[in-house]
Amino acid sequence: MVLSTAEKSYIYDSLAGENSTRTDSRKNNEFRPLKAVCSFVPNCNGSSRVYNPDGIECITSVKAKVIRTKELSDLINVDVDVEGQRDNSTLCLSLSAMIQRALVNNFDFEVLRLTDKYYFQLYVDILVLSVPGDFKNSSYTLYSLLSLISMGTYLALKSAKLPLLTSTTNDREIEEEPSFADDWELATDLIPAESKFQPMLIFVVGLVGSNVLVDPSLDEEEVLESGLCIGYCQGNIVAPIQSVALSTADGKAFNRKLLTKALETVKQIGQPVVEALESILNTEVDEYGSFF
Amino acid sequence: MNADRRRNLGPANVRPLVFAESKPPAQHTNPKIFLETGLIQNCSGSSYLENDKTIIITSIYGPRPNFTRSFNDQASLKVSVELSKFLPLDNLKDNRKNITPDKERLIASLESFMLSNFQSLILLQNYPKSSIEIFVQVVALNPAHSLVYTLKNIINGVSVALVDSGLNIRSVASCGYSGSTDHEMAVNFSGQDEILGIWSDFTAFDESFDSAIDTCEKDSVQLRKEINGYLLQKATAKQ
């Protein structure tokens, strides 16, 4: 929605005050309801579809390929595509770069190891659909999608299944190309349930006045003073902690107290979000029926 | 399926080719900077910043009329970064994990970070129906400089060019840097305890995080002093 100056100032005043009131009467640390499904794309290893109530949806697929490498950072490739945006637009490129950097820096590459020499290489493809039509005329940016995208990536990675390795895992002495079982019933999880490793999540928070707003909606973004994206992994704040432009409007500097407040908010909301995502993973999906 | 697949492979004892200099040089930082403003004539403001063999030229155009939208109640800001050909980009990677920098993605992340910084610094509301464009050109790069350190230099270059352009800004911003072997951080301050932007790759959020911000703030205060001194000297010399 394109907001007028008067509307913007009204929203700003109601958000920035001590008892802030958000446009959709949420609490400051509350998410909008999200819907999500996973493993619905038949021809990839893991997939997820997450959608916001404002219609924006994010489809993520994870595909795995066997490669022989020593360079662990090559093992994850991320590509973000936003509807209506060119592939080489700053938005797509910087979203891809940010997600890829965050994943590589917080990934346990042991789960991708096949043998001493072979690894699975992951291709994470992200497609953002139903971008609002007024995007070009409004002053919000789509960097807040980082949080939606990272949830999609989390679900897709956690739901990814890999074929069972039938050849030996020790090829230090004798070289052998890995071979796999044909039966998908035997497939193993990319991230086993007993594994300590969890994929990371990125939260986007907006700063306005002395308040920290979790999951800002598009009309709130237009009046925010600044935005931050903060990584979260297994109860801890992780890299990246980085400023992002959530609107093209005038912003303001923030102080360290607010930064600390933002980090603490993310630390608090992280666990409930992870639990919600886990419960989605645990609900059984009727593979094709319910969705199409 | 008992075929011997081993013959598809080369000898077992082959090793990948490794070049002697493929390791990035150890990072050291020389804080000395050389600054000059107003070298480019046809733009509203420009700066030339040299720090330890890294050369950054910034030019700022604007406010110019903006015809792209029906109505703008404030200026729209654009940032473009250009990395010259043949720059040694090996060290512009994340400092811990060796992520090969894709040049396009690198530029995009720099641009979007700078946009978030300078949107909060320039008083865009004072320029309705107009656009302001910032062009940054990294002409030379010290191979020892990391991405975050280069970012600091770029931001400082832009801040000085903004002063030169005479655009309305809140204050002279200066970006401080703090780095060690396992983390790096750049924080852009517009004044005491006023953060415009932060870029950090900390994995742990504890006292070291706070002390790193302190280091950045000290660095930024020192830099602001130098920048102010230079600008003052330049302003008085004109008269």
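Per an unreviewed UniProt entry, the recorded name for chain B is Exoribonuclease phosphorolytic domain-containing protein, and the organism is Pichia angusta. UniProt, in its Sequence similarities (unreviewed entry) section for chain B, records the words "Belongs to the RNase PH family."

Under the annotation held in an unreviewed UniProt entry, chain A carries the name Ribosomal RNA-processing protein 42 and is attributed to Pichia angusta. Note on chain A: under the UniProt heading Sequence similarities (unreviewed entry), the record states "Belongs to the RNase PH family."

Colleague: Sorry if this is basic, but what is going on with the overall build of chain B here?
Modeller: A tally of helices and strands in chain B yields three helices and eight strands. Listed by position from the N terminus, the elements making up chain B come as β-β-β-β-α-β-α-β-β-β-α. Counting every position in chain B, which comprises 239 residues, the buried fraction comes to 51%. A fraction of 69% describes how many contacts in chain B between residues 6 or more apart in sequence connect residues 24 or more apart. Here chain B displays about 12100 Å² of accessible surface, and carbon together with sulfur accounts for 53% of that area.

Colleague: Is there a simple way to think about the sheet that holds strand S3 (residues 54-65) of chain B in this case?
Modeller: For sheets, the rule is that strands pair by backbone hydrogen bonds, running either parallel or antiparallel. Residues and elements named next belong to chain B. Taken in spatial order, the five strands line up as S1-S2-S3-S5-S4 in an open sheet, and their pairing is mixed. Among the strands making up the open sheet, the edge pair consists of strand S1 (34-37) and strand S4 (76-83). On average, each strand axis in the sheet is tilted by 15 degrees relative to the strand beside it, whichever way the strands run. Sheet topology note: the S4/strand S5 (residues 130-140) ladder contains eight bridges and is parallel. Bridging across to S5, Ser 80 finds its partner in Phe 135. Most of the contacts of helix H1 (residues 103-119) go to S4, to which it runs at about 145 degrees, and overall it touches S4 and S5.

Colleague: Any chance you could explain the interface of chain A and chain B here in plain terms?
Modeller: Accessible area lost upon the coming together of the parts serves often as the stated size of an interface. Between chain A and chain B, the residue contacts involve 53 residues of the former and 48 residues of the latter. For the chain A and chain B pair, buried surface summed over both sides reaches about 4500 Å², with 50% attributable to carbon and sulfur atoms. Scanning the region where chain A abuts chain B turns up four salt bridges. Of the charged contacts in the structure, one is a salt bridge between Arg 256 of chain A and Glu 217 of chain B, with a shortest N-O distance of 3.7 Å. Remark: the boundary between chain A and chain B carries 15 residue pairs in polar contact (both at pLDDT 80 or more). Contributions of two or more residues to the side of chain A that touches chain B are made by helix H1 (5-16), strand S4 (76-82), helix H2 (90-105), strand S11 (236-244) and helix H5 (256-282) of chain A. Counting residues per element, the side of chain A that touches chain B draws most heavily on H2 of chain A, at nine residues. Two elements, S11 of chain A and strand S8 (residues 194-200) of chain B, share two bridges in a ladder whose sense is antiparallel. Looking at S8 of chain B, one finds that Ile 241 of chain A is bridged to Ser 200 of chain B.

Colleague: Explanation requested: the packing of aromatic side chains in the structure shown.
Modeller: Note on aromatic pairs: each is described by the distance of the centres and the angle between the planes. The final tally for this structure, using the stated rule, is 10 aromatic pairs over all chains. When the centroid spacing of 5.3 Å and the interplanar angle of 85 degrees are considered together, the rings of Phe 113 of chain B and Trp 199 of chain B count as edge-to-face. Taken together, the residues Phe 113 of chain B in helix H1 and Trp 199 of chain B in strand S8 connect sequence positions 86 residues apart. Owing to a relative accessible area of 1%, Phe 113 of chain B belongs among the buried residues under this scheme. An aromatic cluster of at least three residues, connected via ring pairs, comprises Phe 31, Phe 203 and Tyr 232 of chain A. Positioned over the ring face of Tyr 51 of chain A is Arg 49 of chain A, at 4.7 Å from the centre of the ring.

How each quantity is defined
- Starting from 1, residues in each chain are numbered consecutively following that chain's sequence as written.
- Throughout, the order in which chains and ligands are written sets their labels, letters from A for the former and numbers from 1 for the latter.
- The model is predicted, so local features are restricted to residues of pLDDT at least 70 and side-chain atom pairs to those at 80 or more, both for listing and for counting; the totals for chains, interfaces and linings are taken over all residues.
- As a rule here, side-chain values come from all non-hydrogen atoms in the structure, and water together with hydrogens is ignored.
- UniProt positions are given in the numbering used here, feature names are shortened, and annotations may be inferred rather than shown by experiment.
- In this text, helices come from DSSP runs of H or I with a minimum length of four residues, and strands from runs of E with a minimum of two, each type numbered from the N-terminal end.
- Think of it in three bands: residues with accessible area under 20% of the maximum for their type are buried, residues over 50% are exposed, and the middle band is partly exposed, with areas taken using a 1.4 Å probe on protein chains only.
- Any two residues having at least one pair of non-hydrogen atoms within 4.5 Å are treated as being in contact.
- Calculation of accessible area relied on Shrake-Rupley with a 1.4 Å probe; when residues are assessed, cover is drawn exclusively from the protein chains displayed.
- Strand pairing follows a simple DSSP-based rule, namely that at least 2 bridges must link the two strands.
- The axes are straight lines fitted to the C-alpha atoms, using for helices just the contacting stretch, and the angles between their N-to-C directions are given from 0 to 180°.
- Throughout, the accessible surface (probe 1.4 Å) given up by two parts as they are put together, summed over both, is called the buried area.
- Salt bridge, as applied in this entry: a Lys or Arg side-chain nitrogen positioned within 4 Å of an Asp or Glu carboxyl oxygen.
- Each polar contact in these results corresponds to two N or O atoms within 3.5 Å; when the atoms are within protein, one needs to be able to donate a hydrogen and the other to accept it, and residues that are neighboring in sequence are counted only if both atoms are side-chain atoms.
- Ring pairs shown here join Phe, Tyr and Trp side chains whose ring centres sit within 6.5 Å, with only the six-membered ring taken for Trp; geometry is labelled stacked below 30 degrees between planes, edge-to-face above 60, and tilted in between.
- Working rule: Lys NZ or Arg CZ, within 6 Å of ring centre, within 35 degrees of ring normal, means a charge sits over the ring.

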